[in-house]
Each structure stands twice: as C-alpha cells, then as structure tokens.
Amino acid sequence: MTQQQEEKAFALWLIPGGAPLGRLQRLIEALAQETGGPAFTPHLTLLGGLRGDGGALAAKLGDLGDARRPVELRACGPATGSAVHQCVLLDVARTEPLAALRSAAEAAFGASASPFRPHVSLVYGDLRDMPAERRRALAADPRVLALGHEVWWAERLELWSVAGETERWRCVAGIALANP
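Along every chain, residues carry numbers that run from 1 in the direction the sequence is written. Per-residue local features of the predicted model are confined to residues with pLDDT of at least 70, and side-chain atom pairs are confined, for both listing and counting, to 80 or more; whole-chain, interface and lining totals are unaffected and use all residues. Computation of side-chain values covers all heavy atoms of the structure but excludes hydrogens and water.

## Details of the environment of Arg23
Phase 1 of the analysis: Numbering goes from the N terminus for both helices and strands, where a helix is a DSSP run of H or I of at least four residues and a strand is a run of E of at least two. Its location among the elements puts Arg23 in helix α2 (residues 18–35).
Phase 2 of the analysis: For the pair Arg23 and Gly174, spaced 151 residues apart in the sequence, the C-alpha separation amounts to 21 Å.
Phase 3 of the analysis: By the convention used here, residues are in contact when the closest approach between their heavy atoms is within 4.5 Å. Ignoring anything within four residues of it in the chain, the contact list for Arg23 reads Leu147 and Glu150.
Phase 4 of the analysis: For Arg23, the side chain forms a polar contact with the side chain of Glu150, separated by 3.1 Å. Polar contacts here mean pairs of N or O atoms no more than 3.5 Å apart (in protein, one a potential hydrogen donor and the other a potential acceptor; neighbouring residues in sequence count only if both atoms are side-chain atoms).

## Looking at the pattern of salt bridges
Phase 1 of the analysis: Salt bridge criterion: a side-chain nitrogen from Lys or Arg within 4 Å of a carboxyl oxygen from Asp or Glu. Inspection of every chain in the model, using the stated rule, returns eight salt bridges.
Phase 2 of the analysis: Residue Asp91 is joined to Arg117 by a salt bridge in which the shortest nitrogen-to-oxygen separation is 2.9 Å. A residue pair is termed long-range when its members are at least 10 positions apart, and Asp91 in strand β4 (residues 88–92) and Arg117 in the loop between α4 (96–109) and β5 (119–123) qualify at 26 residues.
Phase 3 of the analysis: Classification of Asp91 by relative accessible area gives partly exposed; the value is 22%.
Phase 4 of the analysis: Note that Glu106 is salt-bridged to Arg102, the shortest N-O span being 3.0 Å. With Glu106 and Arg102 both in helix α4 and four residues apart, this pair spans about one turn of that helix. For the pair Glu106 and Arg102, a shared accessibility class is recorded, and that class is buried.
Phase 5 of the analysis: Among the ionic contacts, a cluster of salt bridges with common partners joins Glu34, Asp141 and Arg143. Relative accessibility under 20% of the residue-type maximum defines a buried residue, over 50% an exposed one, and the middle range a partly exposed one, all with a 1.4 Å probe and only protein chains included.

So, in structure tokens, the structure goes:
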C-alpha cells in the first residue's frame, strides 16, 4: 500500500477531557511499556472506517450541528477483545446521547450503520503474542479495575488519520464539544 493510499483511512474519536484524560494516558503508556505494545491517545472510536480526503472529511465536523455537545462516557468495567485494537478495554455504556451523536456522525459523514461497541481501549497488541489468559490478567490488574466504573466527559471530537502503524496515526482536525 502506498503512502497516498494509507492517508485515506480515518476514524472519528471522542476524547475525554481533564484529569480523566491524564489518568487514562498514564495507564495506556504503562501497559504499553509492560506489554511491548504501542501507546496511543485515549479515545472512544465514534466512527471508524472512514475513507477519503482528510480536508473534506474534516469539513464535515461542522455538519454535526446540535449534536456537538459534551457526552458522558460511563465505563462499565474492564473487558477483553479478540481484535488487535481491542485487546484490553473498558466497555462504555451506550447512552442515548452517545447513540444520538453516533447517528449524527453517520449522517454527516455518509457512513452506513455498522455494529457499535462503545469502549476505550487500554492495550493494543498482536493476539498471537497476547493470548486470552494474558489479556484477562491485564483486565484484572488493579490499575485497570480502578478506572472500570469511572464517568468521563468527552470534550473533543477529533478526526484521526489511522493508516499504517499506530505510531504514525495523527490528528487531522478536531472540535470542542461545547454546551449549547
């Protein structure tokens, strides 16, 4: 895949604000160091699989209108997954405001409805190197459990280029989610 093709993969992320962002970032970095996986910005993927020109997609952030309000992200405990980007995660409650923002994003970005498992990943990794037992042990780590039922507020919505290795991902554009 060429550099030009890679730059066409994007995702829309909700970013928690304030102290929770710092706590999540420190935990992600510590777990990355311990597992040999990549560190990444704490986020909830609101919409993935976006393709196209980054500038054109960024312009669509303004099309969210009244849906651009801070969104409560209520952690529902640690879990494990069977995908590279969902090794160890915190499930997040699918509240009405979160579902409404997801629907508004699908409409604004012309995305078709797809399965949505709201979560904040804590560990990315190759599943061959991180068997289910290891993922379960990480999910049971006291540092993970301590965040397992926190409530955060997503204060930013960011468009990320997610082509290639995690270390190459970058924020293309973002907007503050402001109270009306």
